[in-house]
Each structure stands twice: as C-alpha cells, then as structure tokens.
2 protein chains.
Amino acid sequence: MRIGELARRTGVSERSLRYYEQQGLLVSDRSPGGQREYADRAVDRVILIQELFAAGLHSKKIAELLPCMRDPDGGPNERATPQLVTDLTAERDRIDRMIADLATSRAVLDDVITTAAQEL
Amino acid sequence: MRIGELARRTGVSERSLRYYEQQGLLVSDRSPGGQREYADRAVDRVILIQELFAAGLHSKKIAELLPCMRDPDGGPNERATPQLVTDLTAERDRIDRMIADLATSRAVLDDVITTAAQEL
DNA sequence: GTAGAATCTGACATCAGTGTCAAGTTCAAG
DNA sequence: CTTGAACTTGACACTGATGTCAGATTCTAC
C-alpha cells in the first residue's frame, strides 16, 4: 500500500509517517518513481510506534528497541545490548510511576466531578 | 515563605512557579519591595498543580478546575459549571485511556526486557 | 552602609512531534 | 495524451512548559 492508505488505516498523518521513516522507525520500498510502498505489516508497526510514543519514549529509544522485538514474521532480530536492557528497565519503571501518578490525578478529578455533580 | 524556599520544598523551579502565577494557578502576596510571599498551603497547591500537569491537563483547564476544589482551609470555593463538569469528565476518561495504553506499552517493554534478559 | 544572596521582569531558546504550505513529480484512469 | 489525485522533498511554524541569561532591585547580615 502507499502512504495515503497507511495513514488512513492507522490514523497517523502522512507527515508523521515520513518522520518515522526519517528517524529509522519505519522502512518502505520505493516504486520506480520513488513513491513509498508499504507491506501490510507496516500497519501494526505504526500502531506499535504510536503506543511507544504515547508511553513517553523518544524516537531514538524506539529505534533501538524495535529491532530487538520478536518479529511476527520470524525475521532475524537483533540482540539487545545490556545497556539497552538497562534503559528499557528504567523506562518501564518510569511508566509504572506514571501510571501511579495518573491514578492519583484521576482520583482528584473524580472527587471534583462528584462534588460538582452533587451541587448541580 | 519566599519563592526560593517554595521551589526547594516542592522541587519545582522558580521559573515554573512564576509561570504558574502568570497562568492564574498560584497566588502570592508581595512584600513591600515586591517580592513574592507564599502561605504554607502553597506547597500542597504546587504539588497538586504538578500532578494535574503530569496527567496531561493544560494550564487553562487547571485554572478553571482549582477554584472548584474543596479547600482544605474551608475557604469559599466556586461552583463548577456544567461545562466544566463535562470537560473534566472528558479529561478523566482520557486519563483512563492513557492508563490503559500505558499498561499495554508496559507489557510490550516487559516482553522485550524478558526476552533480552534470557539471551544474555 | 555595604556586601552578597535572593528576587524581580522580560526576552529568547529548547524540545520533539506534528501541521502546513510550496513547487515539482508520479500514478491511474479516461 | 491529458487531467486530477496522490505523492515527493524541503522549509518553516507551532505548542507549552521549562531553561537560561541579563540587568535591575530587594533583602539580610555584618
């Protein structure tokens, strides 16, 4: 598929897809004329990238992480370096803290909402 | 207390504290010479503001929300508008989704970490 | 009164992902 | 062919909280 369809199927803008490629997160074949051609797998990959972005990982870290993931196609995957494992563990712990903080904030909001709803 | 101490006690930079005031999130008395003077309660308020920022709320929304919160001092608090309740409910739902997404990302990271750790 | 620390305002920089626009090229269908 | 939609690269703008710096002022302690 070409970039427009991938954008439609993932809900990610064409601009962002080109950015992902520039950052080494996404690869594409090119048509004879130079237009990007994506495999079906790209859909899942883009969604995964978005999830990692949403979790607060930066593109550089994602670029290191992606090749170490189990490939659904069974393709060869790189071996994670001890350094990367350390980094990812730190990220995971950061996410844990973030989830805990969000739960706190959620409780705060809920309290305001409940109080306000009673007053209405 | 003055701004330096508040910064120390909250872990928030002086720059940010002035920004919060500019955005209407934080109030301060002023010394005769014009320096900010904070009540002890400011500490809790700043921490709360940080939590809400961390939850992804923007300063404008926080500025609307804060006056509607139950005041620990029992001070008069404004009544939340139906519009605000709607907005806050949307924020809460957004936070719920964010927590769920983070849990997904956490699982992804955990998988990579576990796999990598086995290989080492 | 004076030195040095703390604070003031205002301005500009930063981050990283994304929006947007321009000018040119390629693709698909008539 | 031709036409219009889709795509290309490159550049610049934006967001919004925060960092940082400069020059002036205030506070505190001696």
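For the structure, see preceding data.
Model, not experiment: these values are computed from the prediction.

Q: Which residues make up the overall build of chain A, and what are the values?
A: Broken down by element type, chain A carries 5 helices and 2 strands. Taken from the N to the C terminus, the helices and strands of chain A come in the order α-α-β-β-α-α-α. For chain A, the spread of C-alpha atoms along the three principal axes comes to 65 × 40 × 25 Å. Taken across its 120 residues, chain A has 21% of its residues classed as buried. A separation of at least 24 residues holds for 49% of the contacts in chain A among residues at least 6 apart in sequence.

Q: Residues and numbers for the protein's contact with DNA strand C, please.
A: In the region of DNA strand C, 20 residues are neighbours, and S13(A), G33(A), R2(B), G4(B) and R36(B) sit closest. For the surface near DNA strand C, the secondary structure elements donating two or more residues are α2 (14–22) of chain A together with α1 (3–10) of chain B. In terms of residue class, the surface near DNA strand C is built from 4 nonpolar, 11 polar and 5 charged.

Q: Lay out the interface of chain B and chain A in plain terms, naming residues and giving numbers.
A: Taken together, the contact between chain B and chain A spans 36 residues of the former and 36 residues of the latter. Counting residues per element, the ones that place at least two in the side of chain B that touches chain A are α3 (41–54) and α5 (82–119) of chain B. Among the elements that line the side of chain B that touches chain A, the one with the most residues is α5(B), at 25 residues. Residues belonging to the side of chain B that touches chain A are distributed by class as follows: 22 nonpolar, 4 polar and 10 charged.

Q: Residues and numbers for the protein's contact with DNA strand D, please.
A: Near DNA strand D, the surroundings consist of 20 residues, among which R2(A), G4(A), R36(A), S13(B) and G33(B) are the closest. Put simply, the parts of the chain that give the surface near DNA strand D at least two residues each are α1 (3–10) of chain A together with α2 (14–22) of chain B. Among the residues making up the surface near DNA strand D, the classes are represented as 4 nonpolar, 11 polar and 5 charged.

Q: Please provide a residue-by-residue account of helix α5 (residues 82–119) of chain A, values included.
A: With 38 residues, α5(A) extends 56 Å between its outermost C-alpha atoms, agreeing within 8% with the 56 Å of an ideal straight helix rising 1.5 Å per residue. Within the span of α5(A), buried status applies to L88(A), E91(A), S105(A), L109(A), V112(A), I113(A) and A116(A). For α5(A), the elements touching its buried residues are α4 (59–65) of chain A together with α3, α4 (59–65) and α5 of chain B.

Q: Describe the packing of α1(B) against α3(B), naming the residues involved and giving the relevant values.
A: Residue and element names in this part refer to chain B. At a minimum axis separation of 10 Å, α1 and α3 run at an interaxial angle of 55°. What the angle tells us is that α1 and α3 run oblique. The two elements α1 and α3 cross, and the hand of that crossing is right-handed. Residues L6, R9 and T10 of α1 form the contact with α3, whose own contacting residues are A42, V43, V46 and I47.

Q: Just give me the short version of the relation of the copies chain B and chain A, but keep the residues and values in it.
A: When chain B is fitted to chain A, the residual RMSD is 0.1 Å, and the transformation amounts to a turn of 180° plus an axial shift of 0.0 Å. Accordingly, the operation relating the two chain copies is best matched by a two-fold axis. For chain B, the residue whose C-alpha comes nearest the rotation axis is I99(B), separated from it by 2.9 Å. Both copies contact each other with a shared surface, as 100% of the interface residues of chain B are interface residues in chain A too.

Parameters and conventions
Residues numbered from 1 in each chain as written. Chains lettered and ligands numbered in written order. Predicted model: local features only at pLDDT ≥ 70, side-chain atom pairs only at ≥ 80, totals over all residues. Helix = DSSP H or I, 4+ residues; strand = E, 2+ residues; numbered from the N terminus. Buried ≥ 20, exposed ≤ 12 C-beta atoms within 10 Å, placed from the backbone. Contact = placed C-beta atoms within 7 Å. Near = placed C-beta within 6 Å. Nonpolar A, V, L, I, M, F, W, Y, C, P; charged D, E, K, R; others polar. Expected span 1.5 Å × (residues − 1). Axes fitted to C-alpha atoms, helices over the stretch in contact; angles between N-to-C directions. Parallel < 35°, antiparallel > 145°, perpendicular 65-115°, else oblique. Left-handed = near helix turned anticlockwise from the far one by under 90°. Least-squares fit on C-alpha atoms with pLDDT ≥ 70 in both.

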